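Here are the chains, one letter per residue:
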Amino acid sequence: MNFWTFLKILGALVYTLLPYLGLLWGVTPARTGRRLPVRLLPAACFMAVALFCVTGVAVAARSFDLYLQVHALLCIPAALVVLARFRHDRERPAVGLEPGDRWLLAILAAALLVRLLPLFSVGECLGSGDARFHNILARKILVERRLGATWEPFAPVGIMYPQGTHLLTAFVAQVAGCPVHQAFTGLLVIIGALTAGLIHHLARSTFGTADSANWAAGCYAFLPLWGSLDYLRWGGLPNALGMAFLCLALIFVLVNTRPDPPVPERTILAAVFCLVAVMLVHHYTSVVAAVTILFGAVFTAHRPLRRTLLLVAAGAALFGAPLALARAVSVSGELGNTSVLLFREPLITPWNAIQWINPIFIAAFIAAVVLARRTPWNARQLFMLAWFAGLLTAFVALEYLYRAGVLIATGGRDCFTALTPSRMATNLVYPMSVLCGFVPRSASWRRYRPLWIAGLGALALLTAVLNWSMQRTLGVFPAAARAGAWLQANTPRQAMLVGRMPQLEYLAWRETSHPPLPASEARRHPAVLAKARRPYIHQWLAWSEQTGRPVYFLRPPGAPVPRSLRPVFRNARVAVYTAAGGAPSP
């Protein structure tokens, strides 16, 4: 991706959020005679994204083109609301920056730059990891012009994954006129940087000081790999967006428990709305939200906070139940074929988790907790600690206790886990970053403030170099992209691609022998498992004769193949073969 493409994606995102930002401004109480704090901007942007996801999913379930028209029409009332607000408010908010805003703007700009550098250095990045199936879901919306119902042409099973994130990706790609994978990676960068602003706002609500908020935002923006800088390598845009919505919901929760001045109860409705938006973008973050609220409500002694948490949980369950029920009914016959409770990933040792989160960030968190040992903790800080404890408990229970139970139950013959425990460890960095805000409240900060800031800058630079070294080979080389384009242009739509070549299914848009289904989907469906029972070339050739569907075999260049196959395409990345009597070479 080049700088011009990124600017187009950024402009498309601004257009996407503009009508919702205008409407939000219209319903926000005036701040007469005061400056508008910059820290409100990330929260406003994510609230606009939540509004987009809720309204967009509701309309695009019927027609994506209809939502394009609805979105354009929304710009009219939004513009009228903004004009009315300008005419109504006699004392408009002063233009300018509050004293602490310059630090936040610097953090956001640097966070964006750190995330952009690897993207600019790898050229055409198709993403890696989960981007493989997220790109497919987003492209399906553009191809079918509505939310996807099934995984065709890759697998004859229904889609259970929430598609709010993919609708956002598809909309931005449509407006920017760029491929889906470019919109996806661009959104990862922008959302990662804006989330640092949410951490700032959450830490400001927790500690009440600008120094703590800036320190927490800086720690999140530059130090963690999992849950922050590593999103590009992982491809976890739904998790990033879902956790941003959860952070926004917690901001509303903390605002509602503020004793002075009193805050209207509508903040509870806003928190509920954010949690419903979480359900529309990521199932797993909904589980994380449930763990967060459960531990927060159980371990807090602050009654207003417990009351607010329980009200928000009840409201989210009430409004989210129809969504969950509708989805469950639509895929009821395939729920038992998922791998949610039979998830296989390598065992994550405690040292692995520390490495992948980043030992530097772990050290910064430990330093903050040590410095806070003699500081009286208020209810909000204890809530952040409960959030951290809840996710850590869930990680240990799923990664170690569940595995141990499986080993015992199977007599040591099998070892799997449930609910992808690595995501629990990933999301630990959000409460950890907020708790890092204890550092500026210590006596050491008051004595050595310049040294603390210089130390964070040095560690951030070291982590940025480490992150760049990990991400400099991201994506797929141009040779693979050319192979995908050739397959799409020169093979029939009913063709079957046999071989493990990630991202080629997205580029070629053809069914593959290894469909890219996540654990939440029916990957154990008989039609999917049947492909795994044909590991040999002669079995696929026999299947081709029986079904009349052509088969194309994907192999690394130079790999040995039987004489029954002949090459039809070859470049530095992949060689494509078909049956000797099959389709002619172009």
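Look a little higher up for the structure.
Residues numbered from 1 in each chain as written. Predicted model: local features only at pLDDT ≥ 70, side-chain atom pairs only at ≥ 80, totals over all residues. Heavy atoms only, no water.

## What about the sheet that holds strand β3 (residues 551–555)?
Step number 1: Ordered in space as β2-β1-β3-β5-β4, the five strands form an open sheet in which the pairing is mixed. Each end of this open sheet is capped by a strand with a single partner; those strands are β2 (511–512) and β4 (565–570).
Step number 2: The pairing of strand β1 (residues 496–498) with β2 spans two bridges and is classified as parallel. Residue pairing for β2: Leu497 is matched across the bridge by Thr512.
Step number 3: Those strands touched by helix α21 (residues 478–490) are β1, β3, β4 and β5 (575–579), and its axis lies near 115° from that of β4. (Pairing = 2+ DSSP bridges. Helix = DSSP H or I, 4+ residues; strand = E, 2+ residues; numbered from the N terminus. Contact = heavy atoms within 4.5 Å. Axes fitted to C-alpha atoms, helices over the stretch in contact; angles between N-to-C directions.)

## Quick look at the pattern of salt bridges
Step number 1: Going through the model one piece at a time under the given rule, you end up with 10 salt bridges.
Step number 2: A salt bridge links Asp65 to Arg145, with the shortest nitrogen-to-oxygen separation between them at 2.7 Å. Of this pair, Asp65 sits in helix α3 (residues 64–88) while Arg145 sits in the loop between α5 (131–144) and α6 (164–176); the two residues are 80 residues apart in sequence, bridging distant segments of the chain.
Step number 3: Owing to a relative accessible area of 30%, Asp65 belongs among the partly exposed residues under this scheme.
Step number 4: Here Lys140 makes a salt bridge to Glu144, at a shortest N to O gap of 2.6 Å. (Salt bridge = Lys/Arg side-chain N within 4 Å of Asp/Glu carboxyl O. Buried < 20%, exposed > 50% of the residue type's maximum accessible area, 1.4 Å probe, protein only.)

## What to know about the packing of aromatic side chains
Step number 1: Applying the stated criterion across every chain yields a total of 21 aromatic pairs.
Step number 2: Considering the side-chain rings of Tyr220 and Tyr430, the 5.4 Å spacing of their centres and the 35° angle between planes classify their relative orientation as tilted. Highlighted residues: Tyr220 in helix α8 (residues 210–222) and Tyr430 in helix α19 (residues 429–435), separated in sequence by 210 residues. Tyr430 matches Tyr220 in its accessibility class, with the two residues each being buried.
Step number 3: One aromatic cluster is present, built from ring pairs that chain together Tyr15, Phe52, Phe64, Tyr67 and Phe171.
Step number 4: The ring of Tyr506 is capped by Arg139, whose NZ or CZ atom sits 5.7 Å from the centre of that ring.
Step number 5: Across from the ring centre of Trp540, 4.5 Å away, lies the NZ or CZ of Arg534, which sits over that ring. (Phe/Tyr/Trp six-rings, centres within 6.5 Å; stacked < 30°, edge-to-face > 60°. Lys NZ or Arg CZ within 6 Å of the ring centre and 35° of its normal.)

## Observations regarding the state of the cysteines
Step number 1: Applying the stated criterion to the full structure yields zero disulfides.
Step number 2: For the unlinked cysteine Cys45, the closest cysteine sulfur is that of Cys274, found at 13 Å. (Disulfide = S-S within 2.5 Å.)

## Some words on the side chain of Lys531
Step number 1: Here Lys531 lies in helix α23 (residues 526–532).
Step number 2: Owing to a relative accessible area of 5%, Lys531 belongs among the buried residues under this scheme.
Step number 3: One polar contact links the side chain of Lys531 to the main-chain carbonyl oxygen of Thr512, over a distance of 2.9 Å. (Polar contact = N/O pair within 3.5 Å; in protein donor to acceptor, adjacent residues only side chain to side chain.)

## Observations concerning unusual backbone geometry
Step number 1: Geometrically, the link from Glu152 to Pro153 is a cis peptide bond, its omega value of 5° lying close to zero.
Step number 2: Mapping Pro153 onto the fold places it in the loop between α5 and α6.

## Overview of the nonpolar core
Step number 1: Membership of the largest hydrophobic core comes to 176 residues, with the highest contact counts inside it found for Trp151, Leu202, Leu241, Phe245, Trp387, Met424 and Tyr430.
Step number 2: Within the second largest apolar cluster, 11 residues are counted, among which are Met496, Trp540, Leu541 and Leu565. (Core = buried A, V, L, I, M, F, W, Y, C linked by side-chain atoms within 4.5 Å.)

## Examining the packing of helix α2 (residues 40–60) against helix α11 (residues 237–256)
Step number 1: For the pair α2 and α11, the least separation of the axes is 10 Å and the interaxial angle reads 115°. In this structure, the crossing between α2 and α11 has a hand that is left-handed. Two secondary-structure elements touch here, α2 through Ala43, Phe46, Met47, Val49, Ala50 and Cys53 and α11 through Leu241, Ala244, Phe245, Leu248 and Phe252.
Step number 2: By residue class, the composition of the contact of α2 with α11 is 11 nonpolar, no polar and no charged. (Left-handed = near helix turned anticlockwise from the far one by under 90°. Nonpolar A, V, L, I, M, F, W, Y, C, P; charged D, E, K, R; others polar.)

## Description of helix α12 (residues 266–281)
Step number 1: Counted at 1.5 Å a residue, the expected span for α12 with its 16 residues is 22 Å, and the 23 Å between its end C-alpha atoms agrees.
Step number 2: Counting buried residues along α12, 12 of its 16 residues qualify, which places the element largely inside the surrounding structure.
Step number 3: Taken residue by residue, α12 has Thr267, Ile268, Ala270, Ala271, Val272, Cys274, Leu275, Val276, Ala277, Val278, Leu280 and Val281 as its buried positions. (Expected span 1.5 Å × (residues − 1).)

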